[in-house]
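Here is what each chain is made of, one letter per residue.
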Amino acid sequence: MNSTLAALLGSAITAFASLLVVLVHSRMRRRHQERAELQRAYILILSGALRLAHKAEALRQTRYWRSSLPEAGNELIAGHKPLGPLALHDWLARDMTAVETAWSRIWTHGDQDGIALANGLMTAFNGVMVAAIQCSGTEPFEPSDEMTIASRRLGEARRQLALHARRVAKLGPRDVDLFTDREYGLAAG
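Rules behind the numbers
Residues numbered from 1 in each chain as written. Predicted model: local features only at pLDDT ≥ 70, side-chain atom pairs only at ≥ 80, totals over all residues. Heavy atoms only, no water. Phe/Tyr/Trp six-rings, centres within 6.5 Å; stacked < 30°, edge-to-face > 60°. Helix = DSSP H or I, 4+ residues; strand = E, 2+ residues; numbered from the N terminus. Expected span 1.5 Å × (residues − 1). Bend = angle between axes of the 7 residues up to and from the residue. Buried < 20%, exposed > 50% of the residue type's maximum accessible area, 1.4 Å probe, protein only. Salt bridge = Lys/Arg side-chain N within 4 Å of Asp/Glu carboxyl O. pLDDT = per-residue confidence, 0-100. Patch = residues over 30% accessible without salt bridge, like charges linked within 9 Å, V, L, I, M, F, W, Y side chains within 5 Å. Areas by Shrake-Rupley, 256 points an atom, 1.4 Å probe, with all protein chains shown as cover. Lys, Arg positive; Asp, Glu negative; His and termini not counted. Charge placed at Lys NZ, Arg CZ, Asp CG, Glu CD.

## Description of the packing of aromatic side chains
Item 1. Counted by the stated rule, this structure contains 1 aromatic pair.
Item 2. Look at Trp103 and Trp107: their rings are 6.4 Å apart centre to centre, the planes differ by 80 degrees, and that puts the pair in the edge-to-face class. In this pair, Trp103 and Trp107 both sit in helix α3 (residues 85-109), 4 residues apart, roughly one turn of the helix.

## A few points about α3
Item 1. If you check α3, its first and last C-alpha atoms are 34 Å apart, about what 25 residues at 1.5 Å a residue would give, namely 36 Å.
Item 2. At Ala93, α3 shows its largest bend, some 40 degrees.
Item 3. All buried positions along α3 are accounted for by Leu92, Asp95, Met96, Val99, Ala102 and Ile106.

## With respect to the pattern of salt bridges
Once the charged atoms of two side chains with opposite charge are near each other, the side chains can pair.
Item 1. In total, this model carries 4 salt bridges according to the counting rule given.
Item 2. Here Asp95 and Arg51 are joined by a salt bridge, their closest N and O atoms 2.9 Å apart. Placement of Asp95 in helix α3 and of Arg51 in helix α1 (residues 2-66) is noted, with a sequence separation of 44 residues between them.
Item 3. Looking at Asp95, the relative accessible area reads 13%, which means it is buried.
Item 4. Note on Arg51: relative accessible area 33%, which makes it partly exposed.
Item 5. For Arg159, the salt bridge is made with Glu156, and the minimal N-O distance between the two is 2.8 Å. A residue pair is termed a helical-turn pair when its members lie 3 or 4 positions apart in one helix, as Arg159 and Glu156 do in helix α5 (residues 146-171) at 3 residues.
Item 6. Note on Arg159: relative accessible area 41%, which makes it partly exposed.
Item 7. If you follow the salt bridges from partner to partner, you end up with Arg51, Lys55 and Asp95 in one network.

## Focus: the confidence of the model for the protein
Regions with low pLDDT should not have their predicted coordinates read in detail.
Item 1. For the protein, per-residue confidence averages 80 on the pLDDT scale, and 74% of positions sit at 70 or higher.
Item 2. By mean pLDDT, the top-scoring element of the protein is helix α4 (residues 112-134) (91), and the lowest-scoring one is helix α2 (residues 69-77) (51).

## Side note on a positive patch on the surface
Item 1. Residues Arg27, Arg30, Arg31 and Arg35 make up a contiguous surface patch of positive charge.
Item 2. Relative to the elements of secondary structure, Arg27 occurs in helix α1.

As structure tokens, this is what we get:
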């Protein structure tokens, strides 16, 4: 009876240890997948913001070139349509969808600094869009204009988020608080 009990006990221990190994391996695989998805989200928001900034510059260039007198005549004679808000929305929405999805993934799986930096990146991107839309179309392209300054801010926000994404890839995300004002340099309230 003792050898049977010992065999059963040995089998139970082996089964329990095997189950524990499978659970630990499964948990590690899930964490690795979550980290990889978060890294993809960082890459998507970084590349998407850059793509959208290029579209903002194209919008500004279009306004600049269409603001001249010959272009005004072409609009009347050749029938060039002005940029409509719905066409502009559709043009931006193709890239914005991927950026919003990535931003949401960072909000749900990222750490505190990642969320603040992603929010800061989107704020900087909005600054680029505002500068592109508010330009009169007759302004020269100079290093001191609002679009250039907003683009530099966007570049710095992208750099900060990319550095953070590299750190997270090595360390893993930490606990977070949503809706902080860290991207504006204010203390959480």
